[in-house]
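# Residue-level structural notes
Now for the letters of each chain:
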Amino acid sequence: ETGVTQSPTHLIKTRGQQVTLRCSSQSGHNTVSWYQQALGQGPQFIFQYYREEENGRGNFPPRFSGLQFPNYSSELNVNALELDDSALYLCASSWAGALNGELFFGEGSRLTVL
Amino acid sequence: KNEVEQSPQNLTAQEGEFITINCSYSVGISALHWLQQHPGGGIVSLFMLSSGKKKHGRLIATINIQEKHSSLHITASHPRDSAVYICAGSGGSEKLVFGKGTKLTVNP
């Protein structure tokens, strides 16, 4: 139990649709990172939010966008879904400045695009 | 560009065996995370290392900064250790670059 919850756990969408994935970070954590993990691959960094501002972005197109709220929970939005967007989407929360750099991951949201 | 390479990709062991998973990383990475991912997908952080060695139960992680190499060792392996083990590097922030993972299967 990491204290990080993601929703929904599974969902199916069709090409062209939009999806919103949600992440509630562990209490006190002010940083949330989102990752995409395709089947059989390691996770890829999408972006990170720190205190409601985007704090770095990976190699993902603008149709991947995010938000972080004052309570530090976060959303990942993907527009104009493509088949290759099918993946496990993971969020990880942390407290910037933590000496041990420990990350806490959610269980992930598994998106299937048909 | 930060890169992380892991080996082996797959590893099968008998219960009780000593296991080593290796990770090499590129210039620009200053900290190494070892993570465990179970079939359901959830990831658990095992260690974060920037130098030396850390131990937690039967798990030991080491890092050699000069050689840019880290290892994860499991002593007295058990079937419940079966999972995918991932090393991930960071360059001073929490933005991780992940290896592709090592799938470990420990047979009874």
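Rules and cut-offs
Residues numbered from 1 in each chain as written. Chains lettered and ligands numbered in written order. Predicted model: local features only at pLDDT ≥ 70, side-chain atom pairs only at ≥ 80, totals over all residues. Heavy atoms only, no water. Helix = DSSP H or I, 4+ residues; strand = E, 2+ residues; numbered from the N terminus. Buried < 20%, exposed > 50% of the residue type's maximum accessible area, 1.4 Å probe, protein only. Contact = heavy atoms within 4.5 Å. Areas by Shrake-Rupley, 256 points an atom, 1.4 Å probe, with all protein chains shown as cover. Lys, Arg positive; Asp, Glu negative; His and termini not counted. Charge placed at Lys NZ, Arg CZ, Asp CG, Glu CD. Rg over C-alpha atoms; globule rule 2.2 N^0.38 Å. Buried area = accessible area lost by both parts, 1.4 Å probe. Salt bridge = Lys/Arg side-chain N within 4 Å of Asp/Glu carboxyl O. Polar contact = N/O pair within 3.5 Å; in protein donor to acceptor, adjacent residues only side chain to side chain. Nonpolar A, V, L, I, M, F, W, Y, C, P; charged D, E, K, R; others polar.

## Some thoughts on the overall build of chain A
The secondary structure content of chain A amounts to zero helices and eleven strands. Across chain A, helices and strands are ordered from the amino to the carboxyl terminus as β-β-β-β-β-β-β-β-β-β-β. Along the first, second and third principal axes, the C-alpha set of chain A runs to 40 × 25 × 25 Å. Residues classed as buried in chain A amount to 48% of the 114 residues present. For chain A, restricting intrachain contacts to residue pairs at least 6 apart in sequence, the fraction spanning at least 24 positions comes to 52%. With the model as given, the accessible surface of chain A reaches about 5,600 Å², and the carbon-plus-sulfur share is 50%. For chain A, the centre of its 7 positive side-chain charges and the centre of its 10 negative side-chain charges are spaced 7 Å apart.

## Here's the deal with the overall build of chain B
Within chain B, the regular secondary structure consists of zero helices and eleven strands. N-terminal to C-terminal, the α/β element order of chain B is β-β-β-β-β-β-β-β-β-β-β. Relative to a compact globule of 108 residues, whose C-alpha radius of gyration would be 13 Å, chain B shows 13 Å and is just as compact. Considered along the principal axes of its C-alpha atoms, chain B spans approximately 40 × 25 × 20 Å. Scored against the burial criterion, the 108 residues of chain B give a buried share of 45%. By sequence separation, contacts in chain B at least 24 residues apart represent 53% of the contacts at least 6 residues apart. When the accessible surface of chain B is split by element, carbon and sulfur atoms take 50% of a total near 5,200 Å². Of the side chains in chain B, 10 bear a positive and 7 a negative charge, and the two mean positions are spaced by 5 Å.

## Things to note about the environment of B:Pro8
Residue and element names in this part refer to chain B. Along the chain, Pro8 falls in the loop between β1 (4-7) and β2 (10-14). Take Pro8: its relative accessible area is 28%, and that puts it in the partly exposed class. With twelve residues separating them along the chain, Pro8 and Thr20 place their C-alpha atoms 9.1 Å apart. Among all residues touching Pro8, those that are not within four sequence positions of it are Thr20, Gly101 and Thr102.

## Topic: the interface of chain B and chain A
Interfaces are often sized by the accessible area lost when the parts come together. Every contact between the two is made by 16 residues of chain B and, on the other side, 25 residues of chain A. For the pair chain B and chain A, the summed buried area comes to about 1,600 Å², and 56% of that belongs to carbon and sulfur atoms. Linking chain B with chain A are zero salt bridges. Where chain B touches chain A, the interface holds two residue pairs in polar contact (both at pLDDT 80 or more). Residue composition of the side of chain B that touches chain A, by class: six nonpolar, seven polar and three charged.

So, to be careful, I would describe these as geometric facts and stop short of saying anything about function.
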